[in-house]
Amino acid sequence: MAKRIDVSGLNAYYGSFLAIEDISMTVEPRSVTAFIGPSGCGKSTFLRTLNRMHEVTPGGRVEGKVMLDDENLYGAGIDPVSVRREVGMVFQRPNPFPTMSVYDNVAAGLRLNGKYKKSELDDIVEKSLRGANLWNEVKDRLNKPGSGLSGGQQQRLCIARAIAVEPNVLLMDEPCSALDPISTLAIEDLIGELKERFTIVIVTHNMQQAARVSDRTAFFNLAAVGQPGKLIEIDDTERIFSNPSVQATEDYISGRFG
Amino acid sequence: MSHATLSPRRSSLRGATLPKWFAWAVAAGSVAAGLGISAAAGLESSIQWALIAAVLFVLGSYAVSAKVEGRRQAKDRTATSLVWVAFLLAVVPLASLMWETVKRGVKVLDGYFLTHSMGVVADTEPGGGIYHAILGTLEQVGLATVISVPVGVLTAIYLVEYGRGRLAKAVTFFVDVMTGIPSIVAGLFILSVWVLMLDMGPSGFAGSMALSILMIPVVVRSTEEMLKLVPNELREASLALGVPKWRTILKVVLPTSIGGITTGVMLAIARITGETAPVLLLVWVTNFINANPFQDPQASLPMYIYLQYQNSGGYGAAYDRAWAAALTLIAFIMILNMVARGIARWKAPKTGR
Ligand SMILES: Nc1ncnc2c1ncn2[C@@H]1O[C@H](COP(=O)(O)OP(=O)(O)O)[C@@H](O)[C@H]1O
Ligand SMILES: [Mg+2]
């Protein structure tokens, strides 16, 4: 059940430092939205405001509205823990739980949240691993440590872990930047499949990747170091890469800065 | 002309090197010279000739190496020999302590010794054993562990996972202060509260409380370090799955660090097992088996060693029993250490393929 994200007037702080300022955008369901922009412009920070992970950082604070369909994630009485079950996340470096087997890693989100029957879990684990294009590679080693897989496999394991809890939205923060080209390709293919079921937001430093996988692209920039990052424009990926409406976007994409 | 280069030429990358046995030769020479010098000068102590040999070894290897290999290699060798000398200085006393304890301890250490008390044996007579002392030590240390581990681990979890601001600073400060409390002061503190104010008698439990005061800061510190080693990414991965923080700590953070935490606890136990001062003040001692740690004096290994030695005058049955008890105590602590290492290895996050 993919959901639409509607952000308006969002500011995020680290202590008193305003990291991103006045961001408004809409992320369509069943689509891939890519965030691009120079380092430090607040892409990760913004991404983490979308599942209330920003406030996990000491001093992290958010102002503004993030609507998930018709519910404000920052509204009164909203439990951040439930938000994170709806909005899953994959991190830059693959981070499987080192004490757990492949199976337990995938089952972790479910097990840590409640009781499931063994047969139910088996089904979900297989389905998630298939969903992450990893099943064939690990079906004979489900009980081996997850940290024994290769980097690319580990990242797909993390994706399987994230989709096992059936979120509505999947956030990915540079999921391929620690991987080799082959693994990257595998993940990009996977993203193409996952967007049938999820709303996907991906941060990437790789322009070609953004062009390959995304339907919409958002360009972020910051005026200077120490200034807050801002959303410059968001548009269909084709337009952003062929004919952006802002000069800075064109400069960045053509490699004139950043 | 060009054929001249065919003859082997010394490479600029390869200098003259001394053979492998060089260091051993210098070491042997230094020991011989050290012995010779002490014999000539009439020095009796083996410490003196060892020190002379050590100095000769460091100087000798520098001098020879500087001549043959050059000054840079010579400095390198000096550093290496200093490390070796320091290592030997540290190991020799340790090894001789072990040797001495084992040599004197095995005389009376047997099954009978481990399973009998001193109930009907006079200090001067042979026989008797340390069953009552082992029992007392196990109970006192066990109770201290039962008190200290939950308090210490929870405190560390608070400090690492939740602690911000003044309260955390205050707790850290008090843990630091507690780390420095001498054991006799911990004993006096419990004595004043438990015995003098609450009017309780001596008991194993009173000693356990004092031992906990010594143990808690050690557990807090080591657990804190282990929790800090858990990468933040793992916590975030779990939180991002919609797992509440307390479950994240329980199911992800603690299992990842449990090996290190257990090792820390084991080492803390080893540290308090030999404590004598609080036991002397609070548990006293007895020659009889007292299995109840909550009432009446109990024996313990450190007190047993002390009393047997004191009553022996330096020889005889009591003297042998003191050494055998000392050997038992050391063996117990070494076993704890080894178990700790085993657990650390067994529980270490696995990376095998
Ligand atoms: N934990 C943090 N504490 C304080 N400042 C941070 C923290 N993380 C990021 N920042 C700051 O926030 C800004 C945006 O960072 P980030 O979102 O990581 O950028 P990006 O992902 O686009 O490279 C940067 O100026 C960075 O220094
Ligand atoms: Mg980033």
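Bear in mind the structure is a predicted one, so any value in this text is a computation, not a measurement. (Residues numbered from 1 in each chain as written. Chains lettered and ligands numbered in written order. Predicted model: local features only at pLDDT ≥ 70, side-chain atom pairs only at ≥ 80, totals over all residues. Heavy atoms only, no water.)

K.L.:
Run through the overall build of chain B, naming residues and quoting values.
P.N.:
A count of helical and extended segments in chain B gives 13 helices and zero strands. The N-to-C order of helical and strand elements in chain B reads α-α-α-α-α-α-α-α-α-α-α-α-α. Over its C-alpha trace chain B gives a radius of gyration of 28 Å, far above what one expects of a compact globule, namely 20 Å for 353 residues. Oriented by its inertia axes, the alpha-carbon framework of chain B measures out at about 100 × 70 × 40 Å. Considering chain B as a whole, with its 353 residues, one finds that 40% of them fall into the buried category. Accessible surface for chain B amounts to roughly 19700 Å². Of this, 70% is attributable to carbon and sulfur atoms. A distance of 18 Å separates the average location of the 28 positive side-chain charges in chain B from that of its 18 negative side-chain charges. (Helix = DSSP H or I, 4+ residues; strand = E, 2+ residues; numbered from the N terminus. Rg over C-alpha atoms; globule rule 2.2 N^0.38 Å. Buried < 20%, exposed > 50% of the residue type's maximum accessible area, 1.4 Å probe, protein only. Areas by Shrake-Rupley, 256 points an atom, 1.4 Å probe, with all protein chains shown as cover. Lys, Arg positive; Asp, Glu negative; His and termini not counted. Charge placed at Lys NZ, Arg CZ, Asp CG, Glu CD.)

K.L.:
Mind laying out the overall build of chain A, listing which residues take part and the relevant values?
P.N.:
A tally of regular secondary structure across chain A gives 10 helices and 10 strands. With the principal axes as the frame, chain A shows a C-alpha extent of 55 × 45 × 30 Å. The buried share among the 258 residues of chain A stands at 56%. Sequence separation of at least 24 residues holds for 67% of the intrachain contacts in chain A that already meet a minimum separation of 6. Working note: accessible area of chain A is about 10800 Å², and carbon and sulfur atoms make up 47% of it. Between the averaged position of the 29 positive side-chain charges in chain A and that of its 33 negative side-chain charges there is a distance of 6 Å. (Contact = heavy atoms within 4.5 Å.)

K.L.:
Help me get a handle on the domain arrangement of chain B, residues and values and all.
P.N.:
Residue and element names in this part refer to chain B. Domain annotation for chain B reports domain 1 (21-104) and domain 2 (131-346). The C-alpha-based centres of domain 1 and domain 2 are spaced at 40 Å. The partner domain 2 presents seven residues to the five residues of domain 1 that form the contact. Both sides together, the interface formed by domain 1 and domain 2 hides about 560 Å², and carbon and sulfur atoms give 78% of it. It is Met 98, Thr 101 and Arg 104 in domain 1 that bury the most area against domain 2; as a group they hold 84% of the surface buried on that side. The interface formed by domain 1 and domain 2 contains zero salt bridges. Our enumeration of links across domain 1 and domain 2 arrives at one residue pair in polar contact (both at pLDDT 80 or more). The class makeup of the residues in the side of domain 1 that touches domain 2 is two nonpolar, one polar and two charged. (Domains from an automatic or database assignment. Buried area = accessible area lost by both parts, 1.4 Å probe. Salt bridge = Lys/Arg side-chain N within 4 Å of Asp/Glu carboxyl O. Polar contact = N/O pair within 3.5 Å; in protein donor to acceptor, adjacent residues only side chain to side chain. Nonpolar A, V, L, I, M, F, W, Y, C, P; charged D, E, K, R; others polar.)

K.L.:
Which residues make up the pairing of strand β4 (residues 60-68) of chain A, and what values go with them?
P.N.:
Regular strands have side chains that alternate between both faces of the sheet. Residue and element names in this part refer to chain A. As paired elements, strand β1 (residues 5-14) and β4 share eight bridges and run antiparallel to each other. Within the sheet, the bridge partner assigned to Ile 5 lies in β4 and is Leu 68. In this structure, the hairpin formed by β4 and strand β5 (residues 71-72) is closed by a connection of two residues, where Asp 69 is found at a positive phi of approximately 50°. (Pairing = 2+ DSSP bridges.)

K.L.:
So, a nonpolar patch on the surface: which residues are in play, and what are the values?
P.N.:
All names here are of chain B. Nonpolar side chains collect at one region of the surface, where Trp 84, Phe 87, Leu 88, Val 91 and Val 92 lie side by side and expose about 480 Å² of accessible area between them. Tracing the chain through its elements places Val 91 in helix α3 (residues 71-105). The exposure class of Val 91 is partly exposed, given its relative accessible area of 31%. (Patch = residues over 30% accessible without salt bridge, like charges linked within 9 Å, V, L, I, M, F, W, Y side chains within 5 Å.)

K.L.:
Could you give an account of the UniProt feature "transmembrane region" (unreviewed entry) in chain B, naming the residues involved and the relevant values?
P.N.:
All names here are of chain B. This chain's UniProt record puts "transmembrane region" (unreviewed entry) on residues 21-41, 47-66, 78-99, 141-160, 172-197, 203-220, 252-272 and 322-344. Secondary structure within residues 47-66 divides into 100% helix and 0% strand; the distance between the first and last C-alpha atoms comes to 28 Å. A helix fraction of 94% and a strand fraction of 0% characterise residues 203-220, whose end C-alpha atoms lie 26 Å from each other. (UniProt positions renumbered as here; feature names shortened; annotations may be inferred.)

K.L.:
Summarise the pattern of salt bridges; cite the residues concerned and give the values.
P.N.:
Tallied over the entire structure, the rule returns 26 salt bridges over all chains. Put simply, Arg212(A) and Glu188(A) hold a salt bridge, and the shortest N to O gap is 2.6 Å. With a gap of 24 residues between them, Arg212(A) in helix α8 (residues 207-213) and Glu188(A) in helix α7 (residues 181-194) connect regions that are remote in the sequence. Take Glu188(A): its relative accessible area is 6%, and that puts it in the buried class. Several salt bridges converge on common partners, so that one network encompasses Asp176(B), Arg221(B), Glu224(B) and Lys228(B).

K.L.:
I'd like a rundown of the nonpolar core, residues and numbers included.
P.N.:
With 86 residues, the main nonpolar core has Met25(A), Phe35(A), Phe46(A) and Phe220(A) as its most contacted residues. The element best represented in this core is helix α8 (residues 204-229) of chain B, accounting for 12 residues. Counting 43 residues, the second-largest nonpolar core is a separate cluster that includes Ile36(A), Ala132(A), Leu142(A) and Ile240(A). (Core = buried A, V, L, I, M, F, W, Y, C linked by side-chain atoms within 4.5 Å.)

K.L.:
Which residues make up the site of ligand 1, and what values do they have?
P.N.:
Residue and element names in this part refer to chain A. Every residue close to ligand 1 is listed here: Tyr 14, Phe 17, Ala 19, Ser 39, Gly 40, Cys 41, Gly 42, Lys 43, Ser 44, Thr 45 and Thr 57. Between Gly 40 and ligand 1, the recorded distance is 2.7 Å, taken from a backbone N or O atom to an oxygen atom. Take Cys 41: an N or O atom from its main chain is 3.4 Å from an oxygen atom of ligand 1. Computed on the free molecule, ligand 1 has an accessible area of 560 Å², of which 61% lies beneath the protein chains in the complex. Looking at the shell around ligand 1, the element that brings in the most residues is helix α1 (residues 43-49), giving three residues. Of the residues belonging to the shell around ligand 1, the class tally is four nonpolar, six polar and one charged. (Near = heavy atom within 4 Å.)

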